[in-house]
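Observations on the three-dimensional arrangement
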Amino acid sequence: MLHDMLYDPIRQKEVPATPEEHVRQATIRFLMDEVKVPQNLIAVEFALSTVEPSTDDRVDLLVQDFKASGDLKHPWLLVECKAPGEYTWEALQVQLNKYLKVLTPKYVMLSLGDAVRYFALDATTKRFKKIEKLPEFTA
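Here we summarise the structure given alongside this text. Bear in mind that the values here come from a model prediction, so they are computed numbers and not experimental data.

1. A few points about the overall build of the protein chain
- Helix and strand counts for the protein chain stand at two helices and eight strands.
- Starting at the N terminus, the α and β elements of the protein chain follow one another as β-β-α-β-β-β-α-β-β-β.
- Projected onto its principal axes, the C-alpha coordinates of the protein chain cover approximately 50 × 35 × 30 Å.
- Counting only carbon and sulfur atoms, one obtains 50% of the accessible surface of the protein chain, whose full area is about 8,000 Å².
- Taken together, the 18 basic and 21 acidic charged side chains of the protein chain have centroids lying 6 Å from each other.

Laid out in structure tokens, this is it:
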């Protein structure tokens, strides 16, 4: 069975048009067009083994923050994307918590189909609090 394909501007290649990939590609477009994230700072399916060799987990999208730290452990944004109907918010939170043991992003974005939630790291409490939207990225 042949799948339709989507062009991924980050990986610069055609990828199978799975339901989750549709969410991922819409999120990439949102980050570049609305949040003004430079394309070269977005990593797709970022391997956490780059930071923590004992894990084989992958983060859907990661936006680096080279201006602030240059440290891969402290990205500007961590994004987890799931197709609608495949996950619950609770299951997505469990997966995210695994990633947060390795990374400390400034912001987190969870996309469950068309539904999106944003969180910001509170520097004082070191906890994430829900926010209405992501700020515009400043290079």
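Okay, back to it.
2. Observations concerning the environment of leucine 6
- For leucine 6, the location among the structural elements is in strand 1 (residues 5–8).
- With sequence-adjacent residues up to four places away left out, leucine 6 is seen in contact with Lys13, Glu14, Val15, Ala17, Glu21, His22 and Gln25.

3. Here we look at the sheet that holds strand 7 (residues 115–121)
- Strand order across the open sheet formed by six strands is 3-4-5-6-7-8, with mixed pairing between neighbours. The strands lining the two open edges of the sheet, one partner per strand, are strand 3 (42–47) and strand 8 (128–131). Looking at each pair of strands side by side, their axes are set apart by 30° on average, direction ignored.
- In this structure, strand 3 lies alongside strand 4 (residues 58–63), joined through five bridges in antiparallel fashion. Of the residues in strand 4, the one forming a bridge with alanine 43 is leucine 62.
- Lying on the sheet, helix 1 (residues 19–33) is in contact with strand 3, strand 4, strand 5 (77–82), strand 6 (107–112) and strand 7; it crosses strand 5 at an angle near 145°.

4. Describing the side chain of threonine 27
- Examined against the element boundaries, threonine 27 turns out to sit in helix 1.
- A distance of 2.8 Å separates a polar atom in the side chain of threonine 27 from the backbone oxygen of valine 23.
- Sequence-distant contacts of threonine 27, that is, excluding residues within four places in its chain, are made with Leu61, Val79, Cys81, Met109 and Ser111.

5. Details of the packing of aromatic side chains
- Counted according to the given criterion, the structure contains three aromatic pairs.
- Consider the rings of tryptophan 76 and phenylalanine 137, whose centres lie 5.0 Å apart with planes at 80°: the pair is edge-to-face. Remark: phenylalanine 137 occurs in the segment after strand 8 and tryptophan 76 occurs in the loop between strand 4 and strand 5; sequence separation between them is 61 residues. Side by side, tryptophan 76 and phenylalanine 137 carry an identical accessibility label, which is buried.

Rules behind the numbers
For every chain, the first residue of the written sequence is number 1, and numbering continues from 1 along that sequence. With pLDDT at 70 or above as the cut-off, local features in this predicted model cover only qualifying residues; side-chain atom pairs require 80 or more to be listed or tallied, and sums for whole chains, interfaces and linings still use all residues. Side-chain measures here rest on the full set of heavy atoms in the structure, leaving out hydrogens and waters. Per the convention used, a helix needs a DSSP run of H or I reaching at least four residues, while a strand needs a run of E reaching at least two, with both numbered from the N terminus. Shrake-Rupley sampling with a 1.4 Å probe provides the accessible areas, and residues are treated as covered by the protein chains on show and by no other component. When charges are counted, neither His nor the chain ends are considered; positive counts come from Lys and Arg and negative counts from Asp and Glu. Working definition for charges: the position is that of NZ of Lys, CZ of Arg, CG of Asp or CD of Glu. Between two residues, a contact is recorded if the distance between any of their heavy atoms is within 4.5 Å. Two strands are said to pair when DSSP picks up at least two bridges between them. Fitting a line to C-alpha atoms yields each axis, with helices limited to the stretch in contact; the angle taken between N-to-C directions then spans 0 to 180 degrees. Two N or O atoms count as a polar contact when they lie within 3.5 Å, although within protein this holds only if one can serve as hydrogen donor and the other as acceptor, and sequence-adjacent residues are included solely when both atoms are side-chain atoms. Pairing of aromatic rings covers Phe, Tyr and Trp, the last counted by its six-membered ring, and requires centre-to-centre distances within 6.5 Å; plane angles under 30 degrees mean stacked, over 60 mean edge-to-face, and any other angle means tilted. Only protein chains enter the accessibility calculation, which uses a 1.4 Å probe. A residue is then buried if its area is under 20% of the maximum for its type, exposed if over 50%, and partly exposed in between.

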